[in-house]
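Residues per chain, in single letters:
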Amino acid sequence: MSHPKEFVLKASCYATSGIVATVSTYLAEHGCYISEMHQYDDEETQRFFMRALCKIESDDNTIDSIRAGLDDQVTKFNMDWNIYDMGEPVKVLLMVSKFDHCLDDLLYRHRKGELRMDITAIVSNHKDLRPMAEREGIRFIHLPVTKDNKPEQEAALMAVVEETQTDLVVLARYMQILSDSLCKQLQGRAINIHHSFLPGFKGAKPYHQAHVRGVKLIGATAHYVTSDLDEGPIIEQSVQPVDHTYSTDRLVAVGRDTETVALATAVRMHLEHRVFMYGNKTVVFK
Ligand SMILES: Nc1nc2c(c(=O)[nH]1)N[C@@H](CN(C=O)c1ccc(C(=O)N[C@@H](CCC(=O)O)C(=O)O)cc1)CN2
């Protein structure tokens, strides 16, 4: 028996009856076992979302043949859909500056097999984290940023993205604002970790802002990157209780755990094709 080919079908369309029946019947008739199915109907906008994790159990069908036949079945729904081969790991480029905790955590989770991804490179505007990349045998590319070279630096980054066929860019505490042009090129495929529970404390030094405000919770937010700083669609958030005894340094230390958990969860949701961007929000099928 050949190993079943596994794929994810992501689909969205205007909500109407017959969608699930049409799709599940087509999949069943083509030898697919649906091992996981999520759906959501946004009543406010009448948009329907579904995700199905499937295994092909018949030798007569392949992911390409399933893909080829689906369009005819769903044209009537004017459906936006994609089929992702789970045997082809998402290619991910990691971007860092000097903070190492998010990179270290992502590399650990990758090493343990929790994040099934193909890391194409680690790119940084500083040299500090080169040893961490080399420890893992991952290509490290130093692209320094000055006040005059940001367009050239971003062009060099995009050249690496294209050369390596990177699917997803992860800003793991990369502390440079991406230009509008780069944000457009990476729309829906760049994830950032902001070290606050957005929409609170946007911008620089959120832990300092939190300490001044006397908060009783701190948090971190993983979101898609857009031109509007820290305003992109939120994918995952994590919070941690704190109190009046916490210094700013202790908030930073406690915050590291919220940042790594929020970022790793958001990356895994993206790698498993569980996230739909929808306006400035997301639907996440956990
Ligand atoms: N276009 C976007 N770029 C970035 C986003 C985003 O949402 N949209 N998120 C940031 C991350 N970030 C907060 O989480 C952040 C990083 C850097 C800065 C900043 O002011 N950077 C300065 C340079 C600072 C330095 O050199 O140390 C700058 O770029 O001029 C603010 C927020 C990542 N990028």
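As the structure is a computational prediction, the values presented were derived from the model and not from experiment.

(A) Quick peek at the overall build of the protein. Each helix and strand in the protein was counted, giving eight helices and 13 strands. For the C-alpha atoms alone, the extent of the protein along its principal axes is close to 60 × 40 × 35 Å. Residues classed as buried in the protein amount to 47% of the 286 residues present. A sequence separation of at least 24 residues applies to 68% of the contacts in the protein between residues at least 6 apart. Here the protein displays about 14,300 Å² of accessible surface, and carbon together with sulfur accounts for 49% of that area. For the protein, the distance from the average position of its 32 positive side-chain charges to the average position of its 40 negative side-chain charges is 6 Å.

(B) Structural view of the pattern of salt bridges. Overall, the coordinates contain 19 salt bridges when judged by the stated rule. Across the pair Glu231 and Lys202 runs a salt bridge whose closest N-O atoms are separated by 2.6 Å. Within this pair, whereas Glu231 is found in the loop between strand E10 (217-224) and strand E11 (234-241), its partner Lys202 is found in the loop between strand E9 (190-194) and helix H7 (206-213), the two being separated by 29 residues in sequence. Counted as one network, the salt bridges with shared partners bring together Glu36, Arg51, Arg268, Glu272 and Arg274.

(C) Molecular detail of empty space enclosed by the protein. Applying the stated rule across the entire model yields one cavity of 30 Å³ or more. Taken as a whole, the largest cavity spans an internal volume of roughly 30 Å³. For the largest cavity, the full set of lining residues is Met95, Lys150, Gln153, Glu154, Leu157, Tyr174, Ile177, Leu178 and Leu182. Of the residues belonging to the lining of the largest cavity, the class tally is six nonpolar, one polar and two charged.

(D) The arrangement of the packing of helix H3 (residues 101-111) against helix H8 (residues 248-271) in detail. Relative orientation of the contacting elements H3 and H8 amounts to 45 degrees, with a least axis distance of 9 Å. With respect to each other, H3 and H8 are oriented oblique. Along this stretch, H3 crosses H8, giving a crossing that reads as right-handed. Contact with H3, carried on its side by His101, Cys102, Asp105, Leu106 and Arg109, involves Arg256, Glu259, Thr260, Val261, Leu263, Ala264 and Val267 of H8 and no other residues of that element. Partitioning the contact of H3 with H8 into residue classes produces six nonpolar, two polar and four charged.

(E) The arrangement of the sheet that holds strand E4 (residues 80-85) in detail. The sheet built from four strands is open, its strands ordered E2-E3-E1-E4 with antiparallel pairing. In this open sheet, the two edge strands, each paired with only one partner strand, are strand E2 (32-42) and E4. Mean inter-strand twist for the sheet, computed between neighbouring axes without regard to direction, equals 10 degrees. Packing against the sheet, helix H1 (residues 19-29) makes contact with strand E1 (5-14), E2 and strand E3 (47-56), and its axis sits at approximately 165 degrees to E2.

Conventions used here
- Residues numbered from 1 in each chain as written.
- Predicted model: local features only at pLDDT ≥ 70, side-chain atom pairs only at ≥ 80, totals over all residues.
- Heavy atoms only, no water.
- Helix = DSSP H or I, 4+ residues; strand = E, 2+ residues; numbered from the N terminus.
- Buried < 20%, exposed > 50% of the residue type's maximum accessible area, 1.4 Å probe, protein only.
- Contact = heavy atoms within 4.5 Å.
- Areas by Shrake-Rupley, 256 points an atom, 1.4 Å probe, with all protein chains shown as cover.
- Lys, Arg positive; Asp, Glu negative; His and termini not counted.
- Charge placed at Lys NZ, Arg CZ, Asp CG, Glu CD.
- Salt bridge = Lys/Arg side-chain N within 4 Å of Asp/Glu carboxyl O.
- 1 Å grid on protein atoms, 1.4 Å probe; cavity = no way out; pocket = protein on both sides within 12 Å on 5 of 7 lines; lining within 4 Å.
- Points joined across faces, edges and corners; volume = space filled by probe spheres on them.
- Nonpolar A, V, L, I, M, F, W, Y, C, P; charged D, E, K, R; others polar.
- Axes fitted to C-alpha atoms, helices over the stretch in contact; angles between N-to-C directions.
- Parallel < 35°, antiparallel > 145°, perpendicular 65-115°, else oblique.
- Left-handed = near helix turned anticlockwise from the far one by under 90°.
- Pairing = 2+ DSSP bridges.

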